[in-house]
Amino acid sequence: MRLLVLGGTRFLGRHVVEDALRRGHAVTTFSRGRTVTPWPDRVLALVGDRDPRVAPGLSALAGAGTRGFDAVVDCSGYVPRVVDASASLLAQGVRRYVFVSSVSVYADLSRAGADESAPVATLADPATEDILPHYGALKAACEAAVSRVYGGRTTIVRPGLIVGPFDATDRFGYWVARFVHPELLGDRDARAVVPAPPERALQFVDVRDLAAFLVELVERDVGGTFNAASPQGRFTMGELIATLVDVAGAAAPAPVWLDEARLAAAGVEPWVGLPLWLPAAEPDHAGMMVVNCARAEAAGLATRELADTVIATAGWLAARDNAGAWRHVLGAALERELASA
Ligand SMILES: NC(=O)c1ccc[n+]([C@@H]2O[C@H](COP(=O)([O-])OP(=O)(O)OC[C@H]3O[C@@H](n4cnc5c(N)ncnc54)[C@H](OP(=O)(O)O)[C@@H]3O)[C@@H](O)[C@H]2O)c1
């Protein structure tokens, strides 16, 4: 199969390329070339900008019809005008266009169990291209742009939190670093603050499982829309911490479970200071980690053992340059104070 990955050099796209190469597919990537391609000899790396208004735009793709891609995996679409440009340019000949969206498209994530039929957010100003405040509604508009061009040849995948090697966001990685490689976070206490309760539901998808799912959908030419994360209720904060302690072994810090009111009173910022923590006091996000992913599971999305994800992430964190990371997570001094009190 001749596969075009829009993006493909940073995190999810990178794993999609690796998975596709492993399965013997011919892969082309399209990016601005800011990240050096990890496979200079094995992938055709086209350089340009997805935004036709930014030179050189899509010119490297202009002959794409004659290149004869069988399928496109779009990992880097955030603005409908921009997504429409490449979708339209590539429409002729491409059998399937897979758009990587997000569970953030849902208009109401205050309740558990959103499935693919739940209403998506809409833009008050359809012309806005301001991604940060309108991420979910813009992704929904991108989905619609792809569907307009490809109809039944469209596949929409809406991942939850994506975790694993090359995730540079300090989210899941914070917990792995805190327990398995605390030295990466500076001089840390032997006790690690964790948000109670241990029964807190967590939902994420290992990037390698997601990449395999995306490539398999293309191989099997499967259309439709799929939430893509671990099965609802599969993981909890308690299980994550137990796995981290297990992987860390004798050197593991002791978890100190603190209730949400205490963390809030100390000014710890949810999701950022302590990643994966969405307080019950903020009900708007209560359903974010309990999305219904049954359709993807039935279509072949696998969920590997949590320890595998932890070990792979720990290996990557230890090997990468950590300078510049961990700027916004709970600092060592406040953590020590909270753990001692
Ligand atoms: N991370 C999560 O937890 C999460 C959750 C749900 C959904 N998602 C979605 O999953 C996808 C993950 O993306 P990723 O960053 O991991 O994918 P990726 O394909 O590995 O990296 C992004 C790629 O896009 C390229 N790129 C960025 N802007 C570009 C532009 N204007 N023109 C051409 N190429 C451009 C980058 O290279 P250059 O910089 O060199 O151009 C890079 O190759 C996104 O669609 C995101 O919305 C993520």
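Residues numbered from 1 in each chain as written. Predicted model: local features only at pLDDT ≥ 70, side-chain atom pairs only at ≥ 80, totals over all residues. Heavy atoms only, no water.

(A) Focus on the site of the ligand. As a matter of local geometry, the ligand sits amid 30 residues, with G8, T9, F11, R34 and Y135 nearest to it. Backbone polar atom of R32 to an oxygen atom of the ligand: 2.7 Å apart, as the coordinates give it. In isolation the ligand exposes 920 Å². Once the protein is present, 89% of that is buried. When residues of the shell around the ligand are traced back to their parent elements, those giving at least two are helix 1 (12-22), strand 2 (26-31), helix 4 (135-150) and strand 7 (161-163). (Near = heavy atom within 4 Å. Polar contact = N/O pair within 3.5 Å; in protein donor to acceptor, adjacent residues only side chain to side chain. Areas by Shrake-Rupley, 256 points an atom, 1.4 Å probe, with all protein chains shown as cover. Helix = DSSP H or I, 4+ residues; strand = E, 2+ residues; numbered from the N terminus.)

(B) Inspection of the domain arrangement of the protein chain at higher detail. Looking at the assigned domains, one finds that the protein chain contains domain 1 (2-159) and domain 2 (168-202 + 232-340). With centres defined by C-alpha atoms, the gap from domain 1 to domain 2 works out at 29 Å. Facing nine residues of domain 1, the contacting portion of domain 2 comprises 11 residues. When the two sides are added together, the surface that domain 1 and domain 2 hide from each other amounts to roughly 820 Å², 57% of it contributed by carbon and sulfur. Per-residue buried area on domain 1 facing domain 2 is highest for L109, S110 and E116; these three make up 49% of the total on that side. Run the count over domain 1 and domain 2 and you get zero salt bridges. Linking domain 1 with domain 2 are five residue pairs in polar contact (both at pLDDT 80 or more), by the criterion used here. (Domains from an automatic or database assignment. Contact = heavy atoms within 4.5 Å. Buried area = accessible area lost by both parts, 1.4 Å probe. Salt bridge = Lys/Arg side-chain N within 4 Å of Asp/Glu carboxyl O.)

(C) Spotlight on helix 1. With nine of its 11 residues buried, helix 1 lies for the most part within the structure. Taken residue by residue, helix 1 has L12, G13, R14, H15, V16, V17, D19, A20 and L21 as its buried positions. Within two residues after helix 1, G24 carries a phi angle of roughly 85 degrees, on the positive side. (Buried < 20%, exposed > 50% of the residue type's maximum accessible area, 1.4 Å probe, protein only.)

(D) Here's a closer look at the sheet that holds strand 6 (residues 154-159). Strand order across the open sheet formed by seven strands is 3-2-1-4-5-6-11, with parallel pairing between neighbours. Two strands in the sheet have a free side with no partner beyond their single neighbour: strand 3 (44-47) and strand 11 (224-228). The sheet shows a mean angle of 15 degrees between the axes of neighbouring strands, taken without regard to direction. Across four bridges, the pairing between strand 5 (residues 96-100) and strand 6 is parallel. (Pairing = 2+ DSSP bridges. Axes fitted to C-alpha atoms, helices over the stretch in contact; angles between N-to-C directions.)

(E) Up close: the environment of V222. Along the chain, V222 turns up in the loop between helix 6 (207-219) and strand 11. Along the primary structure V222 and R96 are separated by 126 residues, whereas in three dimensions their C-alpha atoms are 8.4 Å apart.

(F) Just the packing of aromatic side chains, in detail. Considering all chains together, one arrives at seven aromatic pairs under this definition. Here the aromatic rings of Y78 and Y135 are separated by 6.3 Å at their centres, their planes lie at 35 degrees, and the arrangement is tilted. Of this pair, Y78 sits in the loop between strand 4 (71-74) and helix 3 (80-90) while Y135 sits in helix 4; the two residues are 57 residues apart in sequence, bridging distant segments of the chain. A relative accessible area of 35% places Y78 in the partly exposed class. On the numbers, 4.8 Å between centres and 35 degrees between planes, the contact of Y97 with Y150 is tilted. (Phe/Tyr/Trp six-rings, centres within 6.5 Å; stacked < 30°, edge-to-face > 60°.)

(G) Quick look at unusual backbone geometry. With omega at 5 degrees, the peptide bond leading from A55 into P56 counts as cis. Within the secondary structure, P56 is located in the loop between strand 3 and helix 2 (64-67). A cis geometry characterises the amide bond from A196 onward to P197, with omega recorded as 0 degrees. A positive phi is found at D170, a non-glycine position, where the angle reads about 65 degrees. Position of D170 relative to the elements: it lies in the loop between strand 7 and helix 5 (172-180). Residues other than glycine seldom take positive phi values, yet W271 does so here, at roughly 70 degrees.

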